[in-house]
Amino acid sequence: MTDTSPTVYVETYGCQMNVSDSELMLGNLAAHGYVAVDHPDGADVILVNTCAIREHAETRVIGRLGELRRNMKPGAIVGVTGCMAQRLGPQLLEKAKHVSVVIGPDGYRALPALIDGARRGERAIATTFDLEEHYEDFTPRRFDKVKAWIPVQRGCDYKCTYCIVPTTRGPERSRKLLDVVRETEAVVAEGMSEVVLLGQTVNSYDDGEFDFADLLRAVGRVDGVRRIRFTSPYPNDFTDRVIAAMGEVDAVCEHVHLPMQSGSSRVLKRMLRRYNREGFIESVAKLRAGIPGLSLTTDVIVGFPGETDEDFEETLDVVREVGFAEAFTFKFSPRAGTPATRMPAELTVSDEVASERLARLVDTIRTIARAANMRELGRRYEVLVEKEARRGGDLVQARTRDFKTVLIPGDAALIGRYLNVELTGTTGSTFTGQIVRERQPLPMAG
Ligand code: SAH
Ligand code: F3S
């Protein structure tokens, strides 16, 4: 590395898969002599790794591209990558004259060459899907020092009618189990002990030989792995084999993010989700029976075309019945080209109604979570310290295996350590805790 090494700055929007892709892009560029920097000003190359899941995600990026143009150093190369790049392709080059490279999720191998081309004044688009592409030979440059994002499946073959992901990430393909194990061994060698396996329907993992149960067991056997998480599973794709593996592999954490989307069978059907209300509740019951102490979080969309007050009440009912620890809640956002946009106009739910429902949903989830969290005070958990707390003041942020966030006194020296804590307070959603020193048993008298 010399003073003249070109610098690259990557800004990431959207899901963990995008974070993982950014790590792969930086790894690829590092192998080509680039040095990563934390700030766009002064960078030779600026990459914006984008999300297309909702309109809002895209509007933010458009605004951000304008901002970057005003502040970037003359001659800097700007690239747009990820789902929005895949979705908009040539339109991005047309709309944003300072952007010279547009690359979709399967095109990151071409990144160094396309940047070189951009230096010569070329503008290029790489948005062809490549079903073989898993970037096996890239060494990701990881942002996180405590947990490793490990993609195990790319793309999605499900066709939920609201969702742009099958269009932007292409068909589903699984990585070879042995490649996932190899990457797990590598991250453990770097000092990490938590892995998060990533895929759009991760529990339908199938590399032609092994399924998700095999994968969990194989990753769990890697020496030094203490926590395994995965996201996102599809609710009714949990086979008995997978649930058994989750229960038996010690490292698999007692938390599942289980995207429900709606609690109404009518809406689920129109979303083309492959389960109904009863099916979802059954999946929850099977998971809870197989994994004691399991905590569940979810995603819910309100205002999907045709959602009635009654449908929405059913969603609230299931939310109450299941008792999610937390939920990501969204207003339906029509995405061009998805089947949901072709539904009859009279089914459209007004923004006013959708907003009202969103507020009620958020309130319901919060109330339930708060009550559950109050009952946790005084209990003790093992936590893994992840980072310094954002609100500063000598606190670090840690997580329990079941995904509770706990702020505890301490500094950066604790990052990556496992501690026993007692939960001493809660804001309703997150906790404060104190480190517990296990009392040594007293020597026997006599
Ligand atoms: N494969 C993942 C979904 C990825 S998208 C899964 O099944 O969990 C993440 C979340 O965004 C989805 O679960 C859904 O709740 C939300 N979402 C996707 N498309 C949306 C849209 N058009 N409008 C609003 N929310 C959407
Ligand atoms: Fe989207 Fe449904 Fe796949 S939400 S990512 S199409 S499982």
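Everything here concerns the structure above.
Residues numbered from 1 in each chain as written. Chains lettered and ligands numbered in written order. Predicted model: local features only at pLDDT ≥ 70, side-chain atom pairs only at ≥ 80, totals over all residues. Heavy atoms only, no water.

Draft legend 1. Structural view of the site of ligand 2. Around ligand 2 lies a shell formed by Cys-156, Tyr-158, Cys-160, Tyr-162, Cys-163, Val-165, Pro-166, Gln-200, Thr-201 and Arg-273. Among the residues making up the shell around ligand 2, the classes are represented as 7 nonpolar, 2 polar and 1 charged. (Near = heavy atom within 4 Å. Nonpolar A, V, L, I, M, F, W, Y, C, P; charged D, E, K, R; others polar.)

Draft legend 2. Main features of helix H7 (residues 177-189). Helix length check: H7, at 13 residues, gives a terminal C-alpha distance of 18 Å against a target of 18 Å (1.5 Å per residue), a fit within 8%. Listing the buried residues of H7 in full gives Leu-177, Asp-179, Val-180, Val-181, Glu-183, Thr-184, Val-187 and Val-188. (Helix = DSSP H or I, 4+ residues; strand = E, 2+ residues; numbered from the N terminus. Expected span 1.5 Å × (residues − 1). Buried < 20%, exposed > 50% of the residue type's maximum accessible area, 1.4 Å probe, protein only.)

Draft legend 3. Main features of the sheet that holds strand E17 (residues 405-409). What the 5 strands build is a closed barrel, ordered E15-E16-E17-E19-E18; its pairing is mixed. Between one strand axis and the next, the sheet turns by 55° as a mean value, whatever way the strands run. The strands touched by helix H13 (residues 351-376) within the sheet are strand E15 (380-388), strand E18 (418-426) and strand E19 (431-435), with E18 carrying the most contacts at an inclination of about 120°. (Pairing = 2+ DSSP bridges. Axes fitted to C-alpha atoms, helices over the stretch in contact; angles between N-to-C directions. Contact = heavy atoms within 4.5 Å.)

Draft legend 4. Structural detail: the nonpolar core. Among the nonpolar cores identified, the biggest contains 68 residues, and Leu-197, Leu-216, Ile-228, Phe-230 and Met-246 are the most heavily contacted of them. Per-element accounting of this core gives the leading share, 6 residues, to helix H8 (residues 212-220). Each of two domains, domain 2 (142-253) and domain 3 (255-375), supplies a minimum of three residues to this core. With residues up to four places along the chain from it excluded, the contact list for Met-246 reads Leu-216, Phe-230, Phe-238, Val-252, Val-256, Leu-287 and Ile-291. Counting residues in hydrophobic clusters, the runner-up holds 22 residues, among them Tyr-13, Ile-46, Leu-68 and Leu-93. (Core = buried A, V, L, I, M, F, W, Y, C linked by side-chain atoms within 4.5 Å. Domains from an automatic or database assignment.)

Draft legend 5. Fine view of the site of ligand 1. Around ligand 1 sit 15 residues in total, of which Gln-200, Pro-259, Gln-261, Asp-299 and Ser-333 are the nearest. A distance of 2.7 Å separates an oxygen atom of ligand 1 from a polar side-chain atom of Gln-261. At a separation of 2.6 Å, an oxygen atom of ligand 1 approaches a polar side-chain atom of Asp-299. Protein contact buries 90% of the 540 Å² of open area that ligand 1 shows by itself. Those elements giving two or more residues to the shell around ligand 1 turn out to be strand E13 (295-302) and strand E14 (326-331). Grouping the constituent residues of the shell around ligand 1 by class yields 6 nonpolar, 4 polar and 5 charged. Taken domain by domain, the shell around ligand 1 gets at least three of its residues from each of domain 2 (142-253) and domain 3 (255-375). (Polar contact = N/O pair within 3.5 Å; in protein donor to acceptor, adjacent residues only side chain to side chain. Areas by Shrake-Rupley, 256 points an atom, 1.4 Å probe, with all protein chains shown as cover.)

Draft legend 6. Seen up close, the pattern of salt bridges. Enumeration according to the criterion identifies 41 salt bridges in this entry. In this structure, Arg-241 and Asp-214 form a salt bridge, with 2.9 Å as the shortest nitrogen-oxygen distance. Highlighted residues: Arg-241 in helix H9 (residues 240-248) and Asp-214 in helix H8, separated in sequence by 27 residues. Residues joined in a network through salt bridges with shared partners are Glu-23, Glu-136, Arg-142, Arg-175, Asp-179, Arg-182 and Glu-183. (Salt bridge = Lys/Arg side-chain N within 4 Å of Asp/Glu carboxyl O.)

Draft legend 7. Molecular detail of the side chain of Glu-133. Within the fold, Glu-133 resides in the loop between strand E6 (124-126) and strand E7 (147-151). A polar atom in the side chain of Glu-133 sits 2.7 Å from the side chain of Arg-109. A distance of 2.8 Å separates a polar side-chain atom of Glu-133 from the backbone nitrogen of Tyr-135. Dropping the residues within four chain positions of it, Glu-133 is found in contact with Asp-106, Arg-109, Arg-154 and Arg-173.

Draft legend 8. The arrangement of the packing of aromatic side chains in detail. For the coordinates displayed, the defined rule picks out 10 aromatic pairs. Judged by centre distance (5.1 Å) and plane angle (85°), the rings of Phe-212 and Phe-230 are edge-to-face. Of this pair, Phe-212 sits in helix H8 while Phe-230 sits in strand E11 (residues 227-231); the two residues are 18 residues apart in sequence, bridging distant segments of the chain. Here Phe-212 falls in the buried class, since its relative accessible area comes to 0%. Residue Phe-230 is classed as buried on the basis of its relative accessible area of 5%. In this structure, Arg-54 packs its charged tip against the face of Phe-330, placed 3.7 Å from the ring centre. (Phe/Tyr/Trp six-rings, centres within 6.5 Å; stacked < 30°, edge-to-face > 60°. Lys NZ or Arg CZ within 6 Å of the ring centre and 35° of its normal.)

Draft legend 9. Examining the environment of Arg-109 more closely. Along the chain, Arg-109 turns up in the loop between strand E5 (99-103) and helix H5 (111-119). It is 7.5 Å that separates the C-alpha atoms of Arg-109 and Tyr-135, two residues lying 26 residues apart in sequence. Sequence-distant contacts of Arg-109, defined by excluding residues within four places in its chain, comprise Asn-28, Glu-133, Tyr-135, Glu-136, Asp-137 and Phe-138. Here Asp-137 takes part through its side chain, which lies 2.9 Å from a polar atom of the side chain of Arg-109.

Draft legend 10. Structural view of the side chain of Thr-81. Note on placement: Thr-81 falls in strand E4 (residues 77-82). Once residues within four sequence positions are removed from consideration, Thr-81 is found in contact with Met-25, Leu-47, Val-48, Asn-49, Thr-50, Ile-103 and Tyr-108.

Draft legend 11. Layout of the environment of Arg-391. Note on placement: Arg-391 falls in the loop between E15 and strand E16 (395-400). Among the residues examined, Arg-391 registers a relative accessible area of 58% and is labelled exposed. Once the C-alpha coordinates of Arg-391 and Glu-321 are considered, the two residues, 70 residues apart in sequence, prove to be 34 Å apart. With near-sequence residues (within four places) excluded, Arg-391 lies in contact with Leu-407 and Thr-432.

Draft legend 12. Summary view of the environment of Ile-53. Looking at the element boundaries, Ile-53 is found in the loop between strand E3 (45-50) and helix H2 (55-71). Sequence spacing of Ile-53 and Arg-335 is 282 residues, and the spatial spacing of their C-alpha atoms is 7.8 Å. Among residues more than four places away in sequence, those in contact with Ile-53 are Cys-163, Ile-164, Val-165 and Arg-335.

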